[in-house]
Amino acid sequence: MSKMRILFLALALAAIPLVAAAHPHVFIDAEVTFEVDENGVRGVRQHWLFDEMFTRALLGDLDLPLDDSAPQWSEKIKSGAFDYLKNSDYFTAAFSGGERLDMPEATEFEASLRDDNRLIYDFFIPLRVPAPGMFRLAVYDKEYYADILLKEDAIAYANTSDLAAKHTIRDEQDLAYWAGFNIPRGIHVQVGSPSGVSIPTPVPPGSVQKKVEPSFFSKVVLQARAWQKALKEKITPLGSDIRDNPLGPAFWTFLALSFLYGVVHAVGPGHGKSVVCSYFLARPGDLWLGALMGNAITFVHVGSAIAVVAAAYLILGAGMGGFHEAAKIMQPASYGLLMLMGVFLAVKAVLELRRGGILREAEAGAACTPGDVAETRKGKSHVLLVSFVTGLIPCPGAAVVLAFAVGLNILWSGLAAMFAMAVGMGLTTTLFAWAAVGARGATLRMAGHNRTILNWSHALLTTLGALFIAAFGAGMLAASL
């Protein structure tokens, strides 16, 4: 393999995971019905079905029973959870004529439980689109805390007029989020022709959609997302058995599945992989330091979630609402510190290059320089500092599992599951760290036969790795403000 190809692969390793700090922690199946009258579309009715773990966590948070016939049950969910979604336009975006439409406040809200104890939201958004006309609508959470699956075969019309309506479903490339890994499905609706008169298939003006095959990494993310959803479905029923028999078989299955959930959870975007890859391309390290950083980040990440959930429940009495408010405060601080740390590493790399670079303490052709060895040995405290800053943001996934355990009064089992999840996440993150350590070492060994190439390869890896960290921190800081 050529030197340039190895260098390219090393740099690509830093760029691959630089996509997000979030994963889906809530799974929603969404059904959409368009209501049409003689003037056009008068609104959109939505039916959301949540996963059971979130259902139990939310009800426990609001101190509500698993019984939708309880007094004011739906009203308490509306005021305690649903009304907050107004700030996110109910995860609904609508566009007409190239302009995004203002999202009215939802009405006719009703919460209920399905037979399998999964929470249902039914609500109506009075979104008026006059006929004749065409618009598109997408239901998605760009923050990616909620994974919303549009039930395309359940799209329907409640039509009280003689107007015909027709729709197509398309990938909305312009709404892609988290570096394009997630592309919402949009519903393109045309309404206006009298019934019995053919209307053309709705297609956005001047656009012809091309079939876009998902990339390898997109496929990996989608598969990880499906596995997470399946694991949550298997974990949730174990809660009641653990409550009845705390150390029975269900408890140990709970821990094993939590470990696997952590492994898969960390495969998706974020959770420190961008930082560990960039860090070990920017600085020398070995397998031990890689394992230390991979596990330190995830344990701080999960540990901060435990601390914030404890404060939200025990001190503030605010439940998951308090968790989200605390997370909003901690996110900008963590991202800002990460950005400054990346800038510091980049400046240090430039100054090192001006002093002669990696060759100042090495002979030409050395595969591993004395300077690298010395830095590796003294890198423990620096790795722990970077890990603390990176992992400071509490993990919402861990918070949901812990809130689920609190709601079922199996707190100690929930804490044990947090440990198992952190171990699983740490394993995945460590593998990324080791890949970065190996990529840096392979690049410098290949370049070691030429003093100039060695020096510039080291400088390029060190500087770009640091800049990746700074860019990640700056980008996430801007998104969190």
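The preceding data block contains the structure.
Please read these numbers as outputs of a predicted model, since none were measured by experiment. (Residues numbered from 1 in each chain as written. Predicted model: local features only at pLDDT ≥ 70, side-chain atom pairs only at ≥ 80, totals over all residues. Heavy atoms only, no water.)

Describe the overall build of the protein chain, and please don't skip the residues or the numbers.
The number of helices and strands found in the protein chain is 14 helices and 12 strands. By sequence separation, contacts in the protein chain at least 24 residues apart represent 75% of the contacts at least 6 residues apart. When the accessible area of the protein chain is evaluated, it comes to approximately 21500 Å², of which 61% is carbon and sulfur surface. (Helix = DSSP H or I, 4+ residues; strand = E, 2+ residues; numbered from the N terminus. Contact = heavy atoms within 4.5 Å. Areas by Shrake-Rupley, 256 points an atom, 1.4 Å probe, with all protein chains shown as cover.)

Run through the pattern of salt bridges, naming residues and quoting values.
For the structure shown, the criterion picks out 15 salt bridges. In this structure, the salt-bridge partner of Arg45 is Glu108, at a minimum N-O distance of 3.0 Å. Taken together, the residues Arg45 in strand S2 (residues 40-50) and Glu108 in strand S5 (residues 107-113) connect sequence positions 63 residues apart. Judged by its relative accessible area of 27%, Arg45 falls in the partly exposed class. Here Lys78 makes a salt bridge to Asp83, at a shortest N to O gap of 2.9 Å. Residue Lys78 is classed as partly exposed on the basis of its relative accessible area, which comes to 31%. (Salt bridge = Lys/Arg side-chain N within 4 Å of Asp/Glu carboxyl O. Buried < 20%, exposed > 50% of the residue type's maximum accessible area, 1.4 Å probe, protein only.)

Lay out the packing of aromatic side chains with the relevant residues and their values.
Between two aromatic rings, the relevant description is the distance of the centres plus the angle of the planes. Following the criterion strictly, the structure yields 16 aromatic pairs and no others. Arranged with centres 6.3 Å apart and planes meeting at 70°, the rings of Trp48 and Phe50 form a pair that is edge-to-face. When sorted by exposure, Trp48 lands in the same class as Phe50, which is buried. Clustering of aromatic rings is evident, with ring pairs tying together Trp48, Phe50, Phe54, Phe82, Tyr90, Phe91, Phe109, Tyr121 and Phe123. Against the face of Phe95 rests Arg136, its NZ or CZ located 4.4 Å from the ring centre. (Phe/Tyr/Trp six-rings, centres within 6.5 Å; stacked < 30°, edge-to-face > 60°. Lys NZ or Arg CZ within 6 Å of the ring centre and 35° of its normal.)

Talk me through unusual backbone geometry; I want residue IDs and the actual numbers.
For the bond from Ala131 to Pro132, the omega torsion is -10°, close enough to zero to count as cis. Along the chain, Pro132 falls in the loop between strand S7 (129-130) and strand S8 (133-139). Residues other than glycine seldom take positive phi values, yet Gln72 does so here, at roughly 55°. With respect to the helices and strands, the residue Gln72 is situated in the loop between helix H2 (52-61) and helix H3 (73-80). By relative accessible area, Gln72 is classed as exposed at 55%. Despite not being glycine, Tyr90 has its phi angle at roughly 60°, a positive value. Under the relative-accessibility criterion, Tyr90 is labelled buried at 2%.

Before we move on, can you summarise the packing of H2 against helix H12 (residues 396-407) with the specific residues and values?
Packed helix pairs are specified by the crossing angle of their axes together with the interaxial distance, meaning the distance between the axes. Running from N to C, H2 and H12 cross one another at 60°; their axes reach a closest spacing of 8 Å. For the element pair H2 / H12, the angle class is oblique. Of the two possible hands of crossing, H2 and H12 adopt the one that is left-handed. Across the interface between the two elements, Met53, Arg56, Ala57 and Gly60 from H2 touch Val400, Val401, Ala403, Phe404 and Gly407 from H12. (Axes fitted to C-alpha atoms, helices over the stretch in contact; angles between N-to-C directions. Parallel < 35°, antiparallel > 145°, perpendicular 65-115°, else oblique. Left-handed = near helix turned anticlockwise from the far one by under 90°.)

With reference to specific residues and values, describe the nonpolar core.
Ranked by internal contacts, the top residues of the largest apolar core, which has 45 residues, are Phe34, Trp48, Trp73, Ile77, Tyr121 and Phe123. No other element matches the 6 residues that strand S1 (residues 26-37) contributes to this core. If sequence neighbours within four positions are ignored, Ile77 has contacts with Leu59, Leu62, Leu64, Phe82, Phe109, Ala111, Leu119 and Tyr121. The next biggest cluster of nonpolar side chains, apart from the first, holds 34 residues, and it includes Ile242, Phe254, Leu255 and Val400. (Core = buried A, V, L, I, M, F, W, Y, C linked by side-chain atoms within 4.5 Å.)

Describe helix H11 (residues 380-391), listing the residues and the values that go with them.
The terminal C-alpha atoms of H11, which comprises 12 residues, lie 16 Å apart, in line with the 16 Å expected from a rise of 1.5 Å per residue. For H11, the complete set of buried residues consists of His382, Val383, Val386, Ser387, Val389, Thr390 and Gly391. (Expected span 1.5 Å × (residues − 1).)

Could you give me a rundown of the pairing of S5, with the residues and numbers involved?
Inspection of the sheet shows S5 paired to strand S6 (residues 119-125) by 5 bridges, in the antiparallel sense. Within S6, the position partnered with Thr107 by the bridge is Phe124. Between S5 and the antiparallel strand that follows it, S6, lie 5 residues; Asn117 among them carries a positive phi value of about 65°. (Pairing = 2+ DSSP bridges.)

Describe in detail helix H6 (residues 249-265), supporting the description with residues and values.
The end-to-end C-alpha distance of H6 is 24 Å, a good match for the 24 Å that 17 residues give at a rise of 1.5 Å each. The set of residues buried in H6 consists of Ala250, Phe251, Phe254, Leu255, Leu257, Ser258, Tyr261, Gly262, Val264 and His265.

Kindly report on the side chain of Asp29, identifying the contributing residues and their values.
Its place among the elements puts Asp29 in strand S1. Taking the relative accessible area as the measure of exposure, Asp29 reaches 13% and is therefore buried. Within the structure, Asp29 has its side chain in polar contact with the side chain of Lys229 (distance 3.2 Å). Residues contacting Asp29, with those up to four places away along its chain left out, are His47, Trp48, Leu49, Arg118, Leu149, Lys151 and Lys229. (Polar contact = N/O pair within 3.5 Å; in protein donor to acceptor, adjacent residues only side chain to side chain.)

An account of a nonpolar patch on the surface is needed here, citing residue identities and associated values.
There is a patch of nonpolar side chains on the surface, built from Leu287, Leu427, Leu431 and Trp434 and spanning about 370 Å² of accessible area. Considering every element that reaches the nonpolar patch, the biggest residue donor is helix H13 (residues 411-447), with 3 residues. Residue placement: Leu287 occurs in helix H8 (residues 287-315). (Patch = residues over 30% accessible without salt bridge, like charges linked within 9 Å, V, L, I, M, F, W, Y side chains within 5 Å.)

This is a description of form; function is not addressed.
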